[in-house]
Amino acid sequence: MIRKDAGTLGDMARNAQFEDLFATPVFSHVLRNVETLNTELRELILERERTTPSMAKSNQGGWQSAPDFFRWSEPPVAAIESFIGHAISIATLRVTAQPELQFGVELYGWAAVNRKGHYNTTHVHPMATWSGVYYVDPGNASEDTPSAVLEFAHPVTASVMTFFPNVLPSARVVKPRAGMLILFPSYLQHSVRMYHGESPRICVPFNAHMAMVGKGHGPTPAS
Ligand SMILES: [Fe+2]
């Protein structure tokens, strides 16, 4: 018979190894002092919406530009591209914890305008590394409804069925704010719930394709 003395059990409770393996990194920051920039971007994007047909992607209703946003020549576009570039550097360093690694980054994005009743179906962004969104104007939906929130689905579908369902979260929602910049791994499934506000909801989704320059390392060995 195996003895279970208090010391052994206490030692396990205090010292057992526990790690959150394969966590999903999501970067979120609300930029300061971008009110003027957002006003300029808002006018610029709404003008493009008036003069350019929409692309069809995951949007159900609404307008999306071609994925050439960062090639637009207007100065506010370069400002946002710079902010996003810094965010990608910060997030990549946080994830890899290897400051010496060098990455080439190919960034492309598109402007998006949603109005009442529009939403985005669940999707991923294939072949990118980081995906993200910059919120120019979150619109004016009521605080009471979960309108136009960005919803991330649990990346391991089976866990939702079998691993503490209804106890552990199966999704995470992010409520957009003006000046908010979000980054997430491109494999992470997400959607945008239907927008119920009256004023246009404007954002700039984007993808960053990253290729490492130089050598990294393979899997971390089990201990
Ligand atoms: Fe998306």
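Shown above is the structure to which this text applies.
Residues numbered from 1 in each chain as written. Predicted model: local features only at pLDDT ≥ 70, side-chain atom pairs only at ≥ 80, totals over all residues. Heavy atoms only, no water.

So, about the coordination of the iron ion. Every protein donor of the iron ion is accounted for by His123 (NE2), His125 (NE2) and His190 (NE2), and the metal-donor separations fall at 2.0 to 2.1 Å. Positions of the donor residues of the iron ion along the chain correspond to the pattern H-x1-H-x64-H. The same class applies to histidine 123 and to histidine 125, which are both buried. (Donors = N, O, S within 2.8 Å, 3.2 Å for Na, K, Ca; no water. Buried < 20%, exposed > 50% of the residue type's maximum accessible area, 1.4 Å probe, protein only.)

Turning our eyes to something else, we now look at unusual backbone geometry. Even without a glycine there, the phi angle at phenylalanine 22 is positive, about 60°. By the element assignment, phenylalanine 22 lies in the loop between helix H1 (6–15) and strand E1 (27–30). The phi torsion at asparagine 166 lies on the positive side, around 70°, for a residue other than glycine. Within the secondary structure layout, asparagine 166 lies in the loop between helix H4 (157–162) and strand E9 (171–174). (Helix = DSSP H or I, 4+ residues; strand = E, 2+ residues; numbered from the N terminus.)

This part takes up the environment of phenylalanine 152. Residue placement: phenylalanine 152 occurs in strand E8 (residues 150–153). Residues phenylalanine 152 and phenylalanine 184, spaced 32 residues apart in sequence, show a C-alpha to C-alpha distance of 9.4 Å. Look past the residues within four positions of phenylalanine 152 in its chain and what remains in contact with it is Val26, Ser170, Ala171, Arg172, Val174, Ile182, Phe184, Leu188, Gln189 and His190. (Contact = heavy atoms within 4.5 Å.)

So, about the pairing of strand E12 (residues 201–213). Pairing geometry for strand E4 (residues 102–109) and E12, over eight bridges, is antiparallel. Bridge assignment links glycine 104 to a residue of E12, and that residue is alanine 211. Here three bridges tie strand E5 (residues 112–114) to E12, and the two strands are oriented antiparallel to one another. The partner of asparagine 114 across the bridge, within E12, is arginine 201. As paired elements, strand E7 (residues 130–137) and E12 share seven bridges and run antiparallel to each other. Within the sheet, the bridge partner assigned to serine 131 lies in E12 and is asparagine 207. (Pairing = 2+ DSSP bridges.)

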